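Now for the letters of each chain:
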Amino acid sequence: MNNQSDFVREICAEENILCEIFSHGYVMRLTKDDRVRHIFGSYWDINSAAADRIACDKTACFLLLSNSGIPAVSHELFSSRCDEKDAWARAEAFFYAHKKIVVKPNTGTKGMDVFLCETPVDFETAAFKIFAKYSDAALSPFVEIEREYRVFFLCGQALFAYGKERGDSWQHNLSRGAEAFEITGDCDAIINLAIRAADCIGINFASVDVAVLSCGGLAVMEINSGVQARILLEQLPHLRPTVKKIYAEAIHAMLLYAESETSTKFSFRSF
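Residues numbered from 1 in each chain as written. Predicted model: local features only at pLDDT ≥ 70, side-chain atom pairs only at ≥ 80, totals over all residues. Heavy atoms only, no water.

Novice: Give me the overall build of the protein: which residues, what numbers.
Specialist: Each helix and strand in the protein was counted, giving eight helices and 13 strands. What you see for the protein is a C-alpha radius of gyration of 19 Å, in line with the 18 Å of a compact globule of 271 residues. Overall, the C-alpha framework of the protein stretches about 60 × 40 × 35 Å when taken along its three principal axes. Considering only contacts in the protein between residues 6 or more positions apart, those separated by 24 or more positions represent 60%. Here the protein displays about 13,300 Å² of accessible surface, and carbon together with sulfur accounts for 50% of that area. Charged side chains of the protein number 28 positive and 36 negative; the gap between the two group centres comes to 2 Å. (Helix = DSSP H or I, 4+ residues; strand = E, 2+ residues; numbered from the N terminus. Rg over C-alpha atoms; globule rule 2.2 N^0.38 Å. Contact = heavy atoms within 4.5 Å. Areas by Shrake-Rupley, 256 points an atom, 1.4 Å probe, with all protein chains shown as cover. Lys, Arg positive; Asp, Glu negative; His and termini not counted. Charge placed at Lys NZ, Arg CZ, Asp CG, Glu CD.)

Novice: Describe the packing of helix H3 (residues 58–67) against helix H6 (residues 188–201), with residues and values.
Specialist: Two elements in contact, H3 and H6, have axes separated by 10 Å at closest approach and are oriented at 110°. The orientation of H3 with respect to H6, classified from their angle, is roughly perpendicular. Residue-level contacts link Cys61, Leu64 and Leu65 of H3 to Ala197, Cys200 and Ile201 of H6. Here the contact of H3 with H6 is built from residues that sort into six nonpolar, no polar and no charged. (Axes fitted to C-alpha atoms, helices over the stretch in contact; angles between N-to-C directions. Parallel < 35°, antiparallel > 145°, perpendicular 65-115°, else oblique. Nonpolar A, V, L, I, M, F, W, Y, C, P; charged D, E, K, R; others polar.)

Novice: Hey, could you go over the packing of aromatic side chains for me, with residue numbers and the actual values?
Specialist: According to the stated counting rule, one finds 15 aromatic pairs in the structure shown. Each ring, one from Phe152 and one from Phe160, has its centre 6.3 Å from the other, and the planes form 25°; the classification is stacked. As far as the burial class goes, Phe152 and Phe160 line up, both buried. Ring pairs connect the aromatic residues Phe78, Trp88, Phe95, Tyr96, Phe123, Phe128 and Phe131, which therefore count as one cluster. Lying over the aromatic face of Phe142, Lys100 brings its terminal NZ or CZ to 4.3 Å of the ring centre. (Phe/Tyr/Trp six-rings, centres within 6.5 Å; stacked < 30°, edge-to-face > 60°. Buried < 20%, exposed > 50% of the residue type's maximum accessible area, 1.4 Å probe, protein only. Lys NZ or Arg CZ within 6 Å of the ring centre and 35° of its normal.)

Novice: Provide a residue-level description of the sheet that holds strand S6 (residues 101–105), including the pertinent values.
Specialist: Taken in spatial order, the four strands of this open sheet run S5-S8-S6-S7, and their pairing is antiparallel. Whereas interior strands pair on both sides, the edge strands pair on one side only; in this sheet they are strand S5 (76–79) and strand S7 (115–117). When the angles between neighbouring strand axes are averaged without regard to direction, this sheet yields 30°. (Pairing = 2+ DSSP bridges.)

Novice: Account for the nonpolar core, naming residues and giving values.
Specialist: One finds Leu30, Trp44, Phe205 and Leu232 to be the most contacted residues of the largest nonpolar core, which totals 35 residues. If you list the elements that add at least two residues to this core, you get helix H1 (4–14), strand S2 (27–32), strand S9 (145–154), strand S10 (157–165), helix H7 (230–235) and helix H8 (240–256). It is H8 that contributes the most residues to this core, nine residues altogether. When sequence neighbours within four positions are dropped, the list of residues in contact with Trp44 reads Gln4, Val8, His38, Ile39, Phe205, Tyr247, Ala250, Ile251 and Met254. (Core = buried A, V, L, I, M, F, W, Y, C linked by side-chain atoms within 4.5 Å.)

Novice: For H8, give the residues involved together with the corresponding values.
Specialist: In this model, H8 (17 residues) spans 24 Å end to end at C-alpha, consistent with the 24 Å of a helix rising 1.5 Å per residue. With respect to burial, H8 is a largely interior element, 13 of its 17 residues being buried. (Expected span 1.5 Å × (residues − 1).)

Novice: Which residues make up the sheet that holds S10, and what are the values?
Specialist: Reading across from one edge, S11-S10-S9-S12-S13 is the order of the five strands in this open sheet, with antiparallel pairing throughout. Each edge of the open sheet carries a strand with a single partner, namely strand S11 (179–182) and strand S13 (218–224). Neighbouring strand axes in the sheet, compared pairwise and without regard to direction, differ in orientation by 30° on average. Pairing of S10 with S11 involves four bridges; the strand directions are antiparallel. Bridge assignment links Tyr162 to a residue of S11, and that residue is Glu182.

Dropping the structure here:
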């Protein structure tokens, strides 16, 4: 019972919250007293539409973080909807300027369709593969990363963090073979950066990926408005109570949140 919908149903049963299930658990309606909220896939009815879209758009998210002085891995938009010659000219100039780049869907998730390009042929092949499925791509200079951390964020607070160690792949996605590990040392700098990043785009519930760069320093890799933990629990099943508490706190905040309120800060029970 490690799927998000299982956790939600379990929490709602324990706390006398009406939970109605649609589309095999993909859509859920939660009712407490006169408050109704929804969960759509891994997206929760506690984030504004704008914050959710910004988090899902890698280029937009980078631009806002960078403009606010928050270190983040660069993402530049490469759109198939722009003038073809102009778009390709800018993209090729980006490749030749950095020599080694990462090309990915601008709104992609789970590390899918992400390509490391070291030659012009690599780049052209990656672009055609992405544009066969997506309208926009994001270009990033390749940066050496020692390890990556994921921080679960809710309404101004970091609830939990864990590390991701790269496996045989160059990617740090758990779905691409990376191994999750618990943090034993000080990670205040990582948590503080994640909180700054989430607050910057005005999101309430998210997981923030922070990279430790081989050249030194930290950088936000991305902000995920869809909060998931399935593969984490497959690797570290003893964290189930911790993940359940994260979802429980999100449900409490979601059902307490009022559209007329300007503050989204709540007091949470300590884990």
